[in-house]
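Coordinate analysis (summary)
Here's the letter readout for the chains.
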Amino acid sequence: MLRPGGTLVYSTCTFAFEEDEDQIASFLEKHNDMKLVPIEMDSVSKLKGTVKLSFLDHTEGQFFALLKKNSEGSSSHLKEMKAVKDRIVEDFIQDNLLLDHYYLYKNNEHYYLSLKPLPDIKGNVLRYGIYLGDLIKKRFEPSHHLYRANSLKGKYRYTYDLDEQQYDDFVSGKEIKANLDDHYYQLTYKGIALGYGKCAKGMIKN
């Protein structure tokens, strides 16, 4: 999938040759359209041009290599994952987010939101975009991941910045008294996203 002329960084947090230098050497043998871009940095790596850091470098150990694809190389385009439709979930999105366009995905009964179409990658995928939430007995329950996503900053319909006492109450799992309408709110403290709360009758529930 790497475009011609594109770069790829390989990085680990281990000293094992089998996961570091040997992986890069094996990769380059199999992919003759890729080359190693030397990194000028003092290191103990046995593969010239790559970097291996130790505890003497004030790290817990790390290896990284920079690779570049030939500009004459080719790339394959994976077909896009099929987005799903669900009225209850989409009603929630419309009621709570300021989005003109999005892609809705479902995996293992979890719903995910992406601002761009995702490629149909076979294998284990941790999250198909932003973890939106779950449909429980025909009721949508959002996730805190949704309300902490940097890519959605400024896209939440309802936000509320907590004061210090409200923040202490929120992280303690207590209800918060607030003069707000009944909605889901992105809760922040000094502008930093914490998650969400549901306001009902002037009380925000964590």
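Residues numbered from 1 in each chain as written. Predicted model: local features only at pLDDT ≥ 70, side-chain atom pairs only at ≥ 80, totals over all residues. Heavy atoms only, no water.

Observations concerning the sheet that holds strand β7 (residues 130-136)
Read across the sheet, four strands follow the order β5-β6-β7-β8 without closing on themselves; strand pairing throughout is antiparallel. Unpaired on one side and paired on the other, β5 (103-107) and β8 (139-142) mark the two borders of the sheet. Within the sheet, the average angular offset between the axes of one strand and its neighbour, ignoring direction, is 30 degrees. Bridge count between β7 and β8: four bridges; the pairing is antiparallel. In the strand pairing of β8, Leu135 is matched with Phe140. (Pairing = 2+ DSSP bridges. Helix = DSSP H or I, 4+ residues; strand = E, 2+ residues; numbered from the N terminus. Axes fitted to C-alpha atoms, helices over the stretch in contact; angles between N-to-C directions.)

Notes on the nonpolar core
Among the nonpolar cores identified, the biggest contains 19 residues, and Ile93, Leu113, Leu132, Leu146 and Leu152 are the most heavily contacted of them. Among the secondary structure elements, those contributing two or more residues to this core are α2 (87-96), β6 (110-114) and β7. At three residues, α2 tops the list of elements feeding residues into this core. Once you skip the residues sitting within four places of it in the chain, Leu113 turns out to touch Ile93, Leu97, Leu99, Tyr102, Tyr103, Tyr128, Gly129, Ile130, Leu132, Leu146 and Leu152. Counting eight residues, the second largest nonpolar core, distinct from the first, contains Leu162, Phe170, Tyr185 and Leu187. (Core = buried A, V, L, I, M, F, W, Y, C linked by side-chain atoms within 4.5 Å. Buried < 20%, exposed > 50% of the residue type's maximum accessible area, 1.4 Å probe, protein only. Contact = heavy atoms within 4.5 Å.)

Re a nonpolar patch on the surface
Residues Met1, Leu78 and Ile121 make up a contiguous nonpolar surface patch of roughly 300 Å² in combined accessible area. Counting through the fold element by element, Ile121 comes out in the loop between β6 and β7. Residue classification places Ile121 among the partly exposed residues on the basis of a relative accessible area of 39%. (Patch = residues over 30% accessible without salt bridge, like charges linked within 9 Å, V, L, I, M, F, W, Y side chains within 5 Å. Areas by Shrake-Rupley, 256 points an atom, 1.4 Å probe, with all protein chains shown as cover. Salt bridge = Lys/Arg side-chain N within 4 Å of Asp/Glu carboxyl O.)

As for the pairing of β8
Burial along β8 is one-sided: Phe140 and Pro142 are buried, and none of Arg139 and Glu141, which face the opposite way, are. The turn linking β7 back onto β8 is made up of two residues, and Lys137 within it adopts a positive phi angle of 50 degrees.

With respect to unusual backbone geometry
In this structure, Asn108 is a non-glycine residue whose phi angle is positive, near 50 degrees. With relative accessibility at 61%, the residue Asn108 sits in the exposed group. Even without glycine at this site, Glu109 takes up a positive phi of about 70 degrees. By the secondary structure assignment, Glu109 is in the loop between β5 and β6. Residue classification places Glu109 among the exposed residues on the basis of a relative accessible area of 57%.

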